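Inside the fold
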Amino acid sequence: MDQFMPKSMSVAKQGQIDIALAKMIATDFQPFSIVEDRGFRNYSNSLNPIYTIPSRKTFSKSLIPQLYESTQASVRERVQKATAVCLTTDCWTSRVTTSYMSVTCHFIEDFSMSSCLLDCFEFSDRHTSENLAEKLLRVAREWQVDGEVVCCVSDNVANITKAMNILKWTYHPCLAHTINLIVRDALKVKKPTVDKVKAAVEYFHRSTVGAEKLKSTQRQMGVPELRPKQDCTTRWNSTFYKLKRFLESKDAIISTLAIANAPVDALTQEEWEVVEEVCRVLEPFEQVTVEISGESYVTASKMILLCKGLQRITASRQRESNVTTGHVTELMDTLCSSMDRKFHRMEYNNVLSETAAIDPRFKKLAFSDARAIDEALQRITSAAGRDSPSSQLAQAPGQQEDEGSK
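Residues numbered from 1 in each chain as written. Predicted model: local features only at pLDDT ≥ 70, side-chain atom pairs only at ≥ 80, totals over all residues. Heavy atoms only, no water.

What follows is about the nonpolar core. Of all hydrophobic cores here, the largest spans 55 residues; its most connected members are Ile-179, Leu-282, Phe-285 and Leu-335. Setting aside anything within four residues of it in sequence, one finds Leu-335 in contact with Ile-182, Val-183, Ala-186, Val-281, Leu-282, Phe-285 and Thr-314. Leu-136, Val-149, Leu-167 and Trp-169 belong to the second-largest nonpolar core, a separate cluster that totals 28 residues. (Core = buried A, V, L, I, M, F, W, Y, C linked by side-chain atoms within 4.5 Å. Buried < 20%, exposed > 50% of the residue type's maximum accessible area, 1.4 Å probe, protein only. Contact = heavy atoms within 4.5 Å.)

Here it is, written out as structure tokens:
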């Protein structure tokens, strides 16, 4: 059989596999050193013995930069075909206190929503509104979309709001971030209970004995072996998932903490009831957060209805007779007052009202204020009239007359 096998690989085939391997490294965030790992080289040799794996230096100095350039050119071509784009931006600090800023572009491509990361860079300057505006404008100009930005979405921080005013871009605060602020503020009224849950969760993550004992107890009780979840301070729904998981393992956790004599305060029966009721109250907020965090569909047209839904369901639960825990009642009062303040006159927001009005699923159903829908329809009609072929033809004779008079 060996005499029928090719002794060497063509340059074209070698290059094709090199690019495929480079894409794998980039897509899966693999280190360049993977090409030197013995296991990977044996695996590659079993697939194709005549393929020569390039060195890590070849990948880092040649193949990956070439792949970056070709991918950037392809993305640039796609972005520049868009007649209108929406930008999202955010800043954050890494664990080693390095500050970063990212800018992502969203647009409609072949009747489908597309998103492309335009830039992610280290941001060592002060986060003033002027510096933020300068960075955003630089990225937009580099990608030649500064004239096509119809809206920019970011968090509710004052400096980014002022930066949008400097750029004169239409700005809309991120609803997921707004909900995060609302729920985080409301959760403060039950901080002692949350802190108790947090201490118990940290114990099971810190103590190997405690974690193993919890698993053993869950097996003995015939319940799923669920590990307690920790939360993230910038994601309120992670606190919801922590409380929900804690509640799902209630009996096993109570038993384990008692047997292991863990150095944490056990929850009282009333506090367990608080956790259960809080999860029930916050579940709609988690569902809305997930819904508006979609990447493959437009969410702006849903926001008015979703926010109204949150207000109505929370208000209705305020009136339920089975919600008797004082902390949970105060929690719902805080939620309702915060939503009344943050969602005030949402129907008069140009972006949200216009997108809801032209969404065939909602149209007028999204509005409770007749004046708001009338104003939205007037703006839509005026914009359609300016862009219609007839209006452009009507301007042509005047333009021709001006050119003739020159």
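This next bit is on the sheet that holds strand 1 (residues 85-93). One open sheet accounts for 5 strands, arranged 3-2-1-4-5; its pairing is mixed. Every other strand in the sheet has two partners, leaving strand 3 (112-122) and strand 5 (171-173) as the edge strands with one partner each. Ignoring which end each strand starts from, the neighbouring axes of this sheet average 25 degrees apart. Bridge count for strand 4 (residues 149-154) against strand 5 is 3 bridges, and the pairing is parallel. By the bridge assignment, Ser-154 is partnered in strand 5 with Pro-173. Here helix 4 (residues 129-142) sits on the sheet and contacts strand 1, strand 2 (99-109) and strand 3; the angle it forms with strand 3, its principal contact strand, is near 125 degrees. (Pairing = 2+ DSSP bridges. Helix = DSSP H or I, 4+ residues; strand = E, 2+ residues; numbered from the N terminus. Axes fitted to C-alpha atoms, helices over the stretch in contact; angles between N-to-C directions.)

Another point: unusual backbone geometry. We note that Phe-111 has phi near 65 degrees; this positive angle belongs to a residue other than glycine. Accessibility expressed as a relative area gives 86% for Phe-111, which makes it exposed. The backbone phi angle of Arg-345 is positive, close to 55 degrees, even though this residue is not glycine. On the secondary structure map, Arg-345 appears in the loop between helix 13 (326-342) and helix 14 (350-358).

Now for the packing of aromatic side chains. For the coordinates displayed, the defined rule picks out 6 aromatic pairs. Relative to Phe-123, the ring of Phe-121 lies with its centre 6.4 Å away and its plane at 50 degrees, an arrangement referred to as tilted. Across the pair, Phe-123 and Phe-121 agree in class, each one buried. Considering the side-chain rings of Trp-236 and Phe-240, the 6.1 Å spacing of their centres and the 55 degrees angle between planes classify their relative orientation as tilted. Of this pair, Trp-236 and Phe-240 are both found in helix 9 (residues 236-248), 4 residues apart, which corresponds to roughly one turn of the helix. A relative accessible area of 3% means that Phe-240 is categorised as buried. By the ring-pair criterion, three or more aromatic residues cluster together here, those being Trp-236, Phe-240 and Tyr-241. Here the basic side chain of Arg-138 rests over the ring of Phe-121, its NZ or CZ set 4.9 Å away from the ring centre. Directly above the aromatic system of Tyr-348 lies the positively charged group of Arg-345, at a separation of 4.2 Å from the ring centroid. (Phe/Tyr/Trp six-rings, centres within 6.5 Å; stacked < 30°, edge-to-face > 60°. Lys NZ or Arg CZ within 6 Å of the ring centre and 35° of its normal.)

Let's shift gears to the confidence of the model for the protein. For the protein, mean pLDDT is 89; residues scoring 70 or higher make up 92% of the total. Within the protein, helix 4 carries the highest mean pLDDT (95), whereas helix 16 (residues 389-405) carries the lowest (51). (pLDDT = per-residue confidence, 0-100.)

Our next topic: the packing of helix 7 (residues 191-206) against helix 9. Contact geometry of helix 7 with helix 9 gives a least axis separation of 11 Å together with a crossing angle of 70 degrees. What the angle tells us is that helix 7 and helix 9 run roughly perpendicular. Here Val-194, Val-197, Lys-198, Ala-200 and Val-201 of helix 7 lie close against helix 9, whose contacting residues are Lys-242, Leu-243 and Phe-246. When grouped by side-chain class, the residues that make up the contact of helix 7 with helix 9 number 6 nonpolar, no polar and 2 charged. (Parallel < 35°, antiparallel > 145°, perpendicular 65-115°, else oblique. Nonpolar A, V, L, I, M, F, W, Y, C, P; charged D, E, K, R; others polar.)

Another aspect to go through is the pattern of salt bridges. Counted under the stated rule, the structure contains 18 salt bridges. For Asp-185, the salt bridge identified is with Lys-188, shortest N-O distance 3.9 Å. Judged by relative accessible area, which is 60%, Lys-188 ranks as exposed. In this structure, Glu-291 engages Lys-302 in a salt bridge whose closest nitrogen and oxygen atoms are separated by 2.3 Å. With Glu-291 in helix 11 (residues 269-291) and Lys-302 in the loop between helix 11 and helix 12 (303-318), this residue pair connects regions lying 11 residues apart in the sequence. (Salt bridge = Lys/Arg side-chain N within 4 Å of Asp/Glu carboxyl O.)

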